[in-house]
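Letter by letter, the chains look like this.
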Amino acid sequence: MRESTKVISDPLSDALSLVRARCRITGGFRAGGQWSVRFRPEAALKIDAVVEGRCWLLADGRQPELLEAGDAVVLGRAGAFVLCSDPAIPPVEAHEALVSSGGALKRVGSGGEVVVIGGHVEADSGGEELLLSVLPRVTRIMGRAPEAAELHGLLHRLLEESTAGRPGAAFAAAQYAQLLLVQVLRLAMEQQAAPQPGWLNLLGDPSLRPALTLMHSEPGQPWSLEELARAAAMSRSTFAARFRAAAGQPPLTYLTRWRMRLAERALHDGDATIATLAAQLGYASESSFSHAFQRITGTTPGRYRRRRP
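Residues numbered from 1 in each chain as written. Predicted model: local features only at pLDDT ≥ 70, side-chain atom pairs only at ≥ 80, totals over all residues. Heavy atoms only, no water.

Novice: Pulling in residues and values, what's your account of helix H4 (residues 149-163)?
Specialist: For H4, spanning 15 residues, the distance from its first C-alpha to its last is 22 Å, which sits close to the expected 21 Å at 1.5 Å a residue. Burial in H4 covers these residues: Leu151, Leu154, Leu155, Leu158, Leu159 and Glu161. The arc that holds every buried residue of H4, seen down its axis, measures 170°, which confines them to one face. A positive phi of about 70° marks Gly165, the residue just after H4. (Helix = DSSP H or I, 4+ residues; strand = E, 2+ residues; numbered from the N terminus. Expected span 1.5 Å × (residues − 1). Buried < 20%, exposed > 50% of the residue type's maximum accessible area, 1.4 Å probe, protein only. Arc of directions from axis to C-beta.)

Here's what the structure looks like:
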């Protein structure tokens with residue numbers, strides 16, 4: 001196997017950076033007594049987390065789920081959902097139920113034993129679909145799990161930065177929101193009982209990670225199935241079957257698609273010639289690269305570059 005001279009990459013960081021994924025905290029509320037609020041998110045990928053207390057979640061036709069302090073839920077095109085103190089209470093639309101309290105948190109009901117913060121995940125045009133394709137419509141992150149301790153701390157720091165009004169709070173909250181996104185995805189990888197095939201499931205398999213790291217750190221190398229299998233300490237057939245089950249596609253197909261994501265970013269952000277880009281990504285000619293790019297993206301590299309703003 002080839003000796004790598006490059007810094008070993010972190011595939012999760014690579015993927016989030018490549019699609020410009022970022023989490024934005026957009027609000028929160030404090031609730032108590034008897035209450036029920038229906039939310040109709042505009043964002044395709046939403047995150048809500050219970051910082052204090054507990055409440056019920058009604059979403060996507062599922063049975064009501066009790067969310068406790070430290071729990072988070074990721075909703076991917078799940079449509080309207082309800083947070084409430086009791087599933088039997090008829091919900092009120094959020095714009096009617098949430099009342100300004102003069103601070104960062106709105107108020108609903110009487111009392112304040114429950115605190116929920118919410119936000120959404122933004123990514124570039126292809127990145128949003130990449131994230132949605134690997135997450136169920138509703139993903140609940142269990143805060144009581146031992147590995148979720150960091151999530152508790154992040155939620156409280158986010159709440160503090162969002163409500164204390166200290167200098168630099170907006171910047172600090174944005175950084176904590178990014179950490180929240182990473183931690184939620186880590187926990188989704190670890191806690192999903194039946195993960196969907198895709199890159200998130202692939203990242204969650206430690207046996208496949210060495211091969212994945214090679215593809216991410218040196219995408220221009222002509223990696224063979226045998227080399228990748230050797231990195232994973234498996235036979236070719238076992239590696240190919242396990243990779244396909246995790247990713248939903250064969251290893252070399254994944255590598256080609258990863259190269260094309262890198263090419264899209266380079267064409268959007270940089271000025272390298274198509275020939276230079278083809279060589280960097282391991283293609284023997286500009287025409288072979290252009291053919292692969294059009295097969296994956298539906299357009300030529302030149303047209304893709306001309307479309308950039």
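What follows continues from the structure just given.
Novice: Could you give an account of the pattern of salt bridges, with specific residues and numbers?
Specialist: In total, this model carries 16 salt bridges according to the counting rule given. The closest approach of N and O atoms between Glu122 and Arg22, which form a salt bridge, is 3.2 Å. Highlighted residues: Glu122 in strand E11 (residues 114-122) and Arg22 in strand E1 (residues 22-32), separated in sequence by 100 residues. Salt-bridge contacts for Glu226 lead to Arg230; the nearest nitrogen and oxygen are separated by 3.3 Å. With Glu226 and Arg230 both in helix H8 (residues 225-231) and four residues apart, this pair spans about one turn of that helix. Given the relative accessible area of 44%, Glu226 is considered partly exposed. On the accessibility criterion, Arg230 (43% relative accessible area) is partly exposed. Connected through salt bridges with shared partners, the residues Arg22, Arg24 and Glu122 form a single ionic network. (Salt bridge = Lys/Arg side-chain N within 4 Å of Asp/Glu carboxyl O.)

Novice: Which residues make up unusual backbone geometry, and what are the values?
Specialist: Phi at Asp60 takes a positive value of approximately 55°, unusual for a residue other than glycine. Along the chain, Asp60 turns up in the loop between strand E4 (54-59) and strand E5 (65-68). Its relative accessible area of 33% is what places Asp60 among the partly exposed residues.

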